[in-house]
Amino acid sequence: MNPYADQNKLSKLKKKANLLPLEAGVYIMKNSSGDIIYIGKAKALKNRVTQYFGAGNQHAEKVRQMVANVDDFEYIICDSEFEALMLENSLIKQHQPKYNILLKDDKGYHYIKITDEKWKKITTANTVTDKGEYIGPYYSSYVVKDTVEQVRKIFKLPDCNRSFDKPTKPCLNYHIGLCDAPCKANIPYSDYIDTVLSAKDFIVKGNNTDTVEMLNKKMQTASDNLDFEYAAKLRDRINAIKKLSDKQKVVMCTYASQDVFASAFMGESACVSVFVFRHKMLVDKKHFFVDGISDRKALYGEFLQQYYYEKQDIPPRILLDGETENKELIERFLSEKSKRAVKILLPKLGEQKKTVEMCRNNASDNLAQKQKHTGKDTAALNELAVLLGLNTVPRYIEAYDISNTAGEENVAARIVFKDGKPYKSDYRKFMIKTFSGQDDYRSMAEVLDRRFTEYEKGEDSGFSTLPDLILLDGGIGQINAVKPILKNHKIDVALYGMVKDSKHRTRAIADSGGNISIKANRRAYTLITEIQDEVHRFAITYHRSRRTKKMLNCELTDIEGVGNATAAALLKHFKSMKAIKNANVTELSSVKGVNKKAAQNVYSYYH
């Protein structure tokens, strides 16, 4: 259904929008029931609002749906764009419009619970009941879950619901050293309870150094008493705590306080992950899913305002993995709210860049789990989008390569990767038709011209989808040869080359300004290498098949009475030269287009 089918309503809304002033303000979109469905701000109301009611096909699907439901709109003029930003935030929080990005903060409390059963267990809880002992409250579910997980590993406590009064067969955790298996009845009850109390002490004190010192004293005492088995357990516990400390150092931050935001996209669905660093430590991590948006810059412009609107704990540094709309306005908003300078930064090098990448990988994994893709593919596509500066993640990628032998049997191939995987139903082969000889630039231009001519015809479903990204096997020469073709067909698609080194391995991505090194971006590099290898394989396989067929045709046409048409008919029918050689005269002459004389000559030639 066309969301702009009601052209009369659209025309009226556009006329009303054209009467708006060129001043800063907030616009409020309403549906036919008078409900507010979207709130936005603008530096110039007229310019912004008129965009909604014209050139509808250029909008994202979520915007198209919103416009289709708009029956009227109101506006409020503000003294400045910053004042409009503040009012927009307030109104969005008040009205919760359907088509705005709405973040639901988890304001509940979280607890670590020690159950009141005989064989006490350590677990998580969201509410306090009469039974059990509770440590907390904590604001972060991440902190609670991570703490319980680490404590179980360090003290080798069970995470199951079994009863341990009667011996049973232990589970996998025992066999891989993650649990001491009280279910096996090889641990005295008193020792088990002592371990649980030690784990509780570790959680409450939260000081690894003091805990290690205390355990060292216990281990020495056990050793002096010749209780070497217990001493070994304490030694393993100490080593586990030290490993945990090393793991925590990996996610420590040079700066005392900062928030890190990174996002992953797949189509018009996104996941934003947030890493919260305080006292140089990762103290919380969250993720939010957002639908109906595919532009990272637009996402952050709205997301950051909503995320910090009611928060009091605003750090002086905010790290992003991409640009954001209204950067200066948001910095001013956060600085005034926190009463200190707040900067939004895009790290390019070193530890901070690695932290942002870790956050983006976390977003990719969460989005992949939700959409049932692999985290590796999602992360690679998002890393590639950031590397190339693309506004959207390239879900549909086309790659082209040319193959010939000194200009003979000049062919080309196109492969497609969809959501990071080969999409073989859209693979295509091309014979170069407009010239003879070897000229990779002209060959590439011809193939892309034919590809988009087919797109305009709309007859082949394999050419009906516009790619998000085109990759050419080659460098700037290939790019410059294809650019005029795209311009002639009015195709606006990101275009890059894939550059190889002297050993025929992927080295860089080429654009009209030069080469972009990709080896430092592991996931993007792996994806580009896979694409380049696959398109080369497909092209050279096609070229070899054409060359082999030509050679076989030449062998058959050496036989008296066999021309190109007869040779082609024989190969088509028998599929191989071996089958032709083994055929008798009757079988040969049964092929359409092969007379008895030619059949006898072929048989005689090979016998």
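Since we're looking at a predicted model, the values are computed, not measured.

S.K.: How do you make sense of helix 4 (residues 81-95) when you look at a structure like this?
M.R.: Note that an α-helix has 3.6 residues per turn; residues three or four places apart therefore point the same way. Compared with an ideal rise of 1.5 Å per residue, which puts 15 residues at 21 Å, helix 4 spans 21 Å between its outermost C-alpha atoms and is within 8% of the ideal. Looking at helix 4, one finds that the buried residues are F82, A84, L85, E88, N89, L91 and I92. Trailing helix 4 by a residue or two, Q96 shows a phi angle of about 50°, which is positive.

S.K.: Which parts of the structure should I look at to understand the sheet that holds strand 9 (residues 281-291)?
M.R.: Strand order in the open sheet formed by five strands is 9-8-7-10-11, with mixed pairing between adjacent strands. With partners counted over all chains shown, the strands left at the sheet margins are strand 9 and strand 11 (343-345), one partner each. Sheet twist, expressed as the average angle between the axes of neighbouring strands with direction ignored, equals 20°. Sheet topology places strand 10 (residues 317-320) next to strand 11; three bridges connect them, and they run parallel.

S.K.: Where do I start with the side chain of Q258 in this structure?
M.R.: For Q258, the position within the fold is in strand 7 (residues 257-266). Take Q258: its relative accessible area is 0%, and that puts it in the buried class. A distance of 3.0 Å separates the side chain of Q258 from the side chain of Q352, its partner in a polar contact.

S.K.: Any chance you could explain the sheet that holds strand 2 (residues 36-42) here in plain terms?
M.R.: For sheets, the rule is that strands pair by backbone hydrogen bonds, running either parallel or antiparallel. If you trace the three strands from one edge of the open sheet to the other, you get 2-1-3, paired in antiparallel fashion. A strand with exactly one partner marks an edge of an open sheet, and here the two such strands are strand 2 and strand 3 (72-77). Neighbouring strand axes in the sheet, compared pairwise and without regard to direction, differ in orientation by 20° on average. Two elements, strand 1 (residues 25-30) and strand 2, share six bridges in a ladder whose sense is antiparallel. Counterpart to I28 in the pairing with strand 2 is I39.

S.K.: Would you explain the confidence of the model for the protein in this entry?
M.R.: The predicted structure's coordinates, where accompanied by low pLDDT, should not be read in detail. When pLDDT is averaged along the protein, the result is 84, and 91% of the positions lie at 70 or above. Counting contacts from residues 246-250, a segment whose pLDDT is below 50, to residues more than four positions away or on other chains yields four contacts.

Conventions and cut-offs
- Residues numbered from 1 in each chain as written.
- Predicted model: local features only at pLDDT ≥ 70, side-chain atom pairs only at ≥ 80, totals over all residues.
- Heavy atoms only, no water.
- Helix = DSSP H or I, 4+ residues; strand = E, 2+ residues; numbered from the N terminus.
- Expected span 1.5 Å × (residues − 1).
- Buried < 20%, exposed > 50% of the residue type's maximum accessible area, 1.4 Å probe, protein only.
- Pairing = 2+ DSSP bridges.
- Axes fitted to C-alpha atoms, helices over the stretch in contact; angles between N-to-C directions.
- Polar contact = N/O pair within 3.5 Å; in protein donor to acceptor, adjacent residues only side chain to side chain.
- pLDDT = per-residue confidence, 0-100.
- Contact = heavy atoms within 4.5 Å.

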